[in-house]
Amino acid sequence: MFMHVDDGRRPANRVSRKSTCVGQENGFGQGNWQRGVRAAPRAVRNVAIPGWDCLDAGYALNVTTHRIESIVLKSWPLHEADLVVSLLTREAGKIKGIAKSGLKSRRRFGGALEPMTYVLASYAEKPRQELVRLDSCEIVASPLSEEMDYGRAAALAFYTEVLEEALPDRDPQDAIFRLTLAVLAHTRKGHIWMPVTYFSLWIPRLLGWLPELGRCTVCEEPLTGRGGYFHAEMDGLVCETHRPAGARMLTAESLALAQTMFRQPVAKFAASEGEAAWPAARAADLRRFTTQSLERHLERRLRSVEALRRLAKA
Amino acid sequence: MARFAEPMARLIEELRKLPGIGTKSAQRMAFHILRASEADAEALADAVRDLKAKLRLCSVCNNITDVDPCIYCASPTRNQRLVCVVEEPTSIASVEKSRGYNGVYHVLHGTLSPLHGVGPEHLRTGNLLVRVERGEVDEVILATSPTVEGEATAAYLADLLRPLKVRATRIATGVPAGSDIEYADEVTMTRAIEGRREV
Ligand SMILES: [Zn+2]
Ligand SMILES: [Zn+2]
């Protein structure tokens, strides 16, 4: 619903709202909106800000509007009816925005705010304001257009939690954006372990957290064909000689699989593997290695990793 | 912050724990209660105490109730063989609003939620399965939300019910009444088409 900046038919009781209008609370506007609105030239008035009835000319001139590809990470309620939405945008990195009436106005956002929905997000922002104002999200691809089950929900939760926790705000990472879209397309009911493994391997690599896997990080002895050892307290793999107490083995087969994953985009990798080739047990050691690496760098346990572990055991 | 006498400070502290209540509102409420009549203050205290003392979960359907079984499960006019599975006790009110439903309920108290540590073992499904296994149910309507977590929960329940040979149905979702189909997103539209019916 658009509240155009048009004072002509504004009911009298709106005037009394000036002290509580959103823009002023957030420091967007100074002075009363009446003056601002009346002072605004025609062109500025056309920068219609939905739901923001305290717009003034100074604010409107500084507003930049965007419509960019984004992946919805999560949303949570703010006040009675609004939502705060965390988005991974392609060009602006991770941003947070307020969806006014997002809780109530299902018509404006519908299912578009479900986690891992690929959307075209329209938002407005002002310099030095942390939160943008999210106006609409058009769905490009929704995880709900395919069959859902607990396993698929757990995989989507894993992508969501990792991206939300690992990426800094406003730091565009095109490769991570493309990786996420690619693995999402392959995350289907009864077929989650390949895309989850692929994602868990590539994210620490793209964030610079994963040393080269083909050699022992201590003595540089080649590990290809033999496998290596990993430990929750260290990066990368080591040879048998340098394995610390409590280290786990990454088999030669899983190491080879990781090296193949690094060479091939997910679609090509999926095609070469075939659908049936990925039971939960396959490359479980590789997933433990990569998720341990993620958890160590994030300095916290990931709930979705725990859910995936329990699912793999079941 | 001003210093209050201990009983006043304690009440303010307790009120402040309520959702949406800040220090100022809590102080206003506390002073209101102080000025209120003895009887009004007693009534409020009793209401709070009774809420915890008298309310419990219905042993049949998990609804929040003061009598067990709850009014729906004990009703002789309701179809006890038709069970609508909902996420929360508050969802019952939404279904009841339709006035078109005359069956009973089963409340899960949540959905599967990998991000909140809620796995299949945490869902309250035990008493539902018992009802079905005893042959007391003809149809289970899965009325969880059409969200990722609600759909995952419905799929999980459908898997549980399948071997029990009971009819399991999913509520139709689609274009909201009174809205323009122009505003329906692609997922909503797809579901509206899938859930179409003969006219
Ligand atoms: Zn070594
Ligand atoms: Zn009951």
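Residues numbered from 1 in each chain as written. Chains lettered and ligands numbered in written order. Predicted model: local features only at pLDDT ≥ 70, side-chain atom pairs only at ≥ 80, totals over all residues.

1. Points about the overall build of chain B
Broken down by element type, chain B carries 8 helices and 6 strands. Mapped from its N terminus to its C terminus, chain B presents α and β elements in the order α-α-α-β-β-α-β-α-β-α-β-α-β-α. For a compact globule of 199 residues, the expected C-alpha radius of gyration is about 16 Å, and chain B comes in at 22 Å, more than 25% above that figure. When the backbone C-alpha atoms are referred to their principal axes, chain B occupies close to 65 × 45 × 35 Å. Taking all contacts inside chain B whose residues are at least 6 apart in sequence as the whole, residues at least 24 apart take part in 45%. (Helix = DSSP H or I, 4+ residues; strand = E, 2+ residues; numbered from the N terminus. Rg over C-alpha atoms; globule rule 2.2 N^0.38 Å. Contact = placed C-beta atoms within 7 Å.)

2. A few points about the nonpolar core
With 101 residues, the main nonpolar core has Ala153(A), Phe158(A), Tyr159(A) and Val85(B) as its most contacted residues. Looking at which element gives the most residues to this core, the answer is helix H6 (residues 150-166) of chain A, with 10 residues. (Core = buried A, V, L, I, M, F, W, Y, C linked by C-beta atoms within 7 Å. Buried ≥ 20, exposed ≤ 12 C-beta atoms within 10 Å, placed from the backbone.)

3. Here we look at the pairing of strand S2 (residues 82-89) of chain A
All names here are of chain A. Buried residues dominate S2, accounting for 7 of its 8 residues. When strand S1 (residues 64-78) meets S2, the two strands line up antiparallel, connected through 8 bridges. From the neighbouring strand, Trp76 faces S2, where its bridge partner is Val84. Between S1 and the antiparallel strand that follows it, S2, lie 3 residues; His79 among them carries a positive phi value of about 55 degrees. Where S2 meets strand S3 (residues 93-99), 7 bridges bridge the pair, whose relative direction is antiparallel. Bridged to Leu87 within S3 is Ile95. Between S2 and S3, which follow one another and run antiparallel, lie 3 residues. (Pairing = 2+ DSSP bridges.)

4. Some remarks on helix H7 (residues 174-186) of chain A
All names here are of chain A. Between its first and last C-alpha atoms H7 spans 19 Å; for 13 residues at 1.5 Å apiece the expected length is 18 Å, and the two agree. Every buried residue belonging to H7 is among Ile176, Phe177, Leu179, Thr180, Val183 and Leu184, and all of these are buried. Considered in projection along H7, the buried side chains sweep an arc of 160 degrees and stay on one side of the axis. Residues of H7 that are exposed and point over 90 degrees away from its buried face: Asp174 and Ala175. Looking at the buried positions of H7, the neighbouring elements they touch are S1, S2, H6, helix H8 (193-206) and helix H10 (266-273). (Expected span 1.5 Å × (residues − 1). Arc of directions from axis to C-beta.)

5. Side note on the interface of chain A and chain B
The interface is formed by 25 residues belonging to chain A together with 22 residues belonging to chain B. Every element with two or more residues in the side of chain A that touches chain B is listed here: helix H5 (106-109), H6 and helix H12 (303-313) of chain A. Class assignment of the residues belonging to the side of chain A that touches chain B gives a composition of 12 nonpolar, 6 polar and 7 charged. (Nonpolar A, V, L, I, M, F, W, Y, C, P; charged D, E, K, R; others polar.)

6. Brief notes about the domain arrangement of chain B
Here chain B is described as being made up of domain 1 (6-54) and domain 2 (77-194). Centre-to-centre, using C-alpha coordinates, domain 1 of chain B lies 37 Å away from domain 2 of chain B. (Domains from an automatic or database assignment.)

7. Focus on the domain arrangement of chain A
Residues and elements named next belong to chain A. For chain A, the assigned domains read domain 1 (12-62), domain 2 (64-145) and domain 3 (150-313). If you look at the interface, domain 2 gives 15 residues, while domain 3 gives 16 residues. Residue assignment for the side of domain 2 that touches domain 3 shows that the elements contributing at least two residues are S1, S2 and S3.

8. So, the sheet that holds strand S5 (residues 131-141) of chain A
All names here are of chain A. Ordered by their spatial adjacency, 5 strands build a closed barrel running S1-S2-S3-S5-S4, and the pairing between neighbours is mixed. Between one strand axis and the next, the sheet turns by 50 degrees as a mean value, whatever way the strands run. Pairing of S1 with strand S4 (residues 118-125) involves 8 bridges; the strand directions are antiparallel. Bridge assignment links Ile71 to a residue of S4, and that residue is Tyr118. (Axes fitted to C-alpha atoms, helices over the stretch in contact; angles between N-to-C directions.)

9. Overview of the confidence of the model for chain B
All names here are of chain B. Mean pLDDT over chain B works out to 91, with 97% of the residues at or above the 70 mark. For chain B, helix H8 (residues 186-194) is the element with the lowest average pLDDT, namely 79, and strand S4 (residues 103-107) is the one with the highest, namely 98. Across the interface, the model reports ipTM at 0.80; the global pTM reads 0.81. (pLDDT = per-residue confidence, 0-100.)

10. Points about the environment of Arg226(A)
With respect to the secondary-structure elements, Arg226(A) resides in the loop between H8 and strand S6 (228-230). Separated by 19 residues in sequence, Arg226(A) and Ala245(A) place their C-alpha atoms 19 Å apart.

11. Here we look at the environment of Leu73(A)
Residue and element names in this part refer to chain A. Mapping Leu73 onto the fold places it in strand S1. For the pair Leu73 and Arg133, spaced 60 residues apart in sequence, the C-alpha separation works out to 16 Å. For Leu73, the contacting residues outside a window of four places in its chain are Ser86, Leu87, Leu88, Pro115, Thr160, Leu163 and Glu164.

12. Side note on the packing of helix H1 (residues 6-15) of chain B against helix H2 (residues 23-35) of chain B
Residue and element names in this part refer to chain B. The contact between H1 and H2 brings their axes to 9 Å, and the two run at 130 degrees. Overall, the two elements H1 and H2 adopt an arrangement that is oblique. Here the hand of the crossing between H1 and H2 comes out right-handed. Contacts between H1 and H2 involve Met8, Leu11, Ile12 and Leu15 from the first element and Ala26, Gln27, Met29, Ala30 and Ile33 from the second. Looking at side-chain class alone, the contact of H1 with H2 contains 8 nonpolar, 1 polar and no charged residues. (Parallel < 35°, antiparallel > 145°, perpendicular 65-115°, else oblique. Left-handed = near helix turned anticlockwise from the far one by under 90°.)

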